[in-house]
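# Summary of the model geometry
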Amino acid sequence: MAAQYDYLVVGAGFAGSVISERLASELNKKVMLVERRPHVGGNSYDCYDDAGILVHKYGAHIFHTNHDDVWQYVNRFAQWNGYVHRVLAYVDGLKLPIPINLTTVNTLLRKNFDEQGIRDYLASVRVNIGEIKNSRDVVLSQVGEFFYEKFFKNYTYKQWGVYPEALSPEVTKRIPLRFNTDDRYFGDKYEGLPVDGFFKLFDRMLDHKNITIALNTDYKKIINDVKFDYLIYTGPIDYFFDNMHGELPYRSQRFEFETLDVEYYQEVAVVNYPNDHLFTKITESKHFTKQRHPRTTIVREFPEATGEPYYPVPMESAAAIYAKYKGEADKLKTVYFAGRLAEYKYYNMDQAVKRSLELFQTIAASK
Ligand code: FAD
Ligand code: UDP
């Protein structure tokens, strides 16, 4: 006889894991969590490499949020190390703070502006754009052509395979502009990494008698062998509907890891390379953890058009396809769609957590 569950949850990233935990511990529901990869954690997964250094398998992941409820929730499963993310961009042979701030402008232009000086300078070079329609407009209207070219144009092309004018404003709006010397990458109230790694956080979150985990399993392979009342799907939405409205575009990445015989390789955890090389950035995860180790591991990120789907592409043509899938999804009464791939939204980790906490509230209220 087929095993019986209340919920089948597809995908063990933050979206799928949070909803599984909530249903299992708060509503005493029996959950089967199915994950295609050999581990839980989704793209946030980290692990020790062959040299014994904790690395992020799918690119640098720093947790940051302004939501008190999300922060309280994730604090139940991990202690956080207080890491504050800082990024440098390699431009014209210099390593400069990104987001652009007072130091960036002064160093690149060899000026000595104060806060008012930089405001006046940027006011004189920014482009007057009426309605902001795309990611190029966002940057030009803040800092003008010169800084757009140096920091955004080529990086965006590498990252997305299109120039910023083809992307919706939300992409470059993620990067603030600062008139002072604040060089934090994120400006959120809470920020950090789990002291003993994301993989431990997920282990603790999913350690519940009501949760059964099936790894290395595409849900389509087992769906007919499992009995369940509801499905919560966090994988790519077009895959769920067998691409009936065409394939959605996703951006993928290739991660090239290298272990070096030096204690540290670079000044900060992430250095972006907008104009040089085929990769967008080099990440050195020892900066996140302060792990004591005589060697270090770095990873270069090469964006790619095909491969594992990592990023929904925020552009109009993709939004039109997604809208058709959303129409299909809304017709299904026993299936919920949540997360970055299922909702085709450029979520950060905290937004995926928030979405699942809210979905849980909706489900709990309907019972
Ligand atoms: P995912 O983590 O993608 O989880 C979905 C899971 O579903 C995957 O494990 C997948 O294998 C599984 N799955 C898919 N299809 C199937 C199937 N058919 N059957 C079974 N399982 C399936 N966010 C931040 O907040 N801070 C950062 O610094 C940050 N950096 C990032 C860097 C990179 C390179 C990337 C790609 C993303 C980054 N993010 C960051 C975003 C973060 O990864 C996402 O917000 C988060 O992973 C979303 O969680 P999710 O559960 O929706 O999706
Ligand atoms: N971006 C850029 N240059 C940079 C950093 C970011 O052009 O040095 C642009 C690029 O389009 C990128 C977007 O801003 O995709 C958002 O950056 P973020 O770091 O938030 O991207 P993610 O963490 O999702 O890779």
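So, how was this worked out
Residues numbered from 1 in each chain as written. Chains lettered and ligands numbered in written order. Predicted model: local features only at pLDDT ≥ 70, side-chain atom pairs only at ≥ 80, totals over all residues. Heavy atoms only, no water. Near = heavy atom within 4 Å. Polar contact = N/O pair within 3.5 Å; in protein donor to acceptor, adjacent residues only side chain to side chain. Areas by Shrake-Rupley, 256 points an atom, 1.4 Å probe, with all protein chains shown as cover. Helix = DSSP H or I, 4+ residues; strand = E, 2+ residues; numbered from the N terminus. Nonpolar A, V, L, I, M, F, W, Y, C, P; charged D, E, K, R; others polar. Buried < 20%, exposed > 50% of the residue type's maximum accessible area, 1.4 Å probe, protein only. Pairing = 2+ DSSP bridges. 1 Å grid on protein atoms, 1.4 Å probe; cavity = no way out; pocket = protein on both sides within 12 Å on 5 of 7 lines; lining within 4 Å. Points joined across faces, edges and corners; volume = space filled by probe spheres on them.

## Some words on the site of ligand 1
Lining the immediate surroundings of ligand 1 are 34 residues, of which Glu35, His61, Ile62, Tyr347 and Met349 lie closest. A distance of 3.2 Å is found between an oxygen atom of ligand 1 and a backbone nitrogen or oxygen belonging to Phe14. Residue Ile62 places a main-chain N or O atom 2.8 Å away from a nitrogen atom belonging to ligand 1. When the free accessible area of ligand 1 is taken as 1,000 Å², the share hidden by the protein chains comes to 96%. Contributing elements (two or more residues each) for the shell around ligand 1: α1 (14–26) and α12 (349–366). Partitioned by chemical class, the residues of the shell around ligand 1 number 17 nonpolar, 12 polar and 5 charged.

## Quick word on the pairing of strand β13 (residues 281–284)
The two faces of β13 match: Lys281 and Thr283 on one face and Ile282 and Glu284 on the other face are all buried. Examined bridge by bridge, strand β12 (residues 270–272) and β13 share 3 bridges and lie antiparallel to one another. If you follow Val271 over to β13, its bridge partner there is Ile282. For β13 and strand β14 (residues 296–304), the ladder comprises 4 bridges, and the chain directions are antiparallel. Opposite Ile282, over in β14, you have Arg300 as the bridge partner.

## Describing empty space enclosed by the protein
Under the defined criterion, the tally for this structure stands at 3 cavities of 30 Å³ or more. Here the largest cavity is characterised by a volume of approximately 50 Å³. Val55, His56, Gly59, Ala60, Phe257, Thr283, Ser285, Phe288, Thr297, Ile298 and Val299 together form the lining of the largest cavity. Those elements that place two or more of their residues in the lining of the largest cavity are β4 (54–56) and β14.

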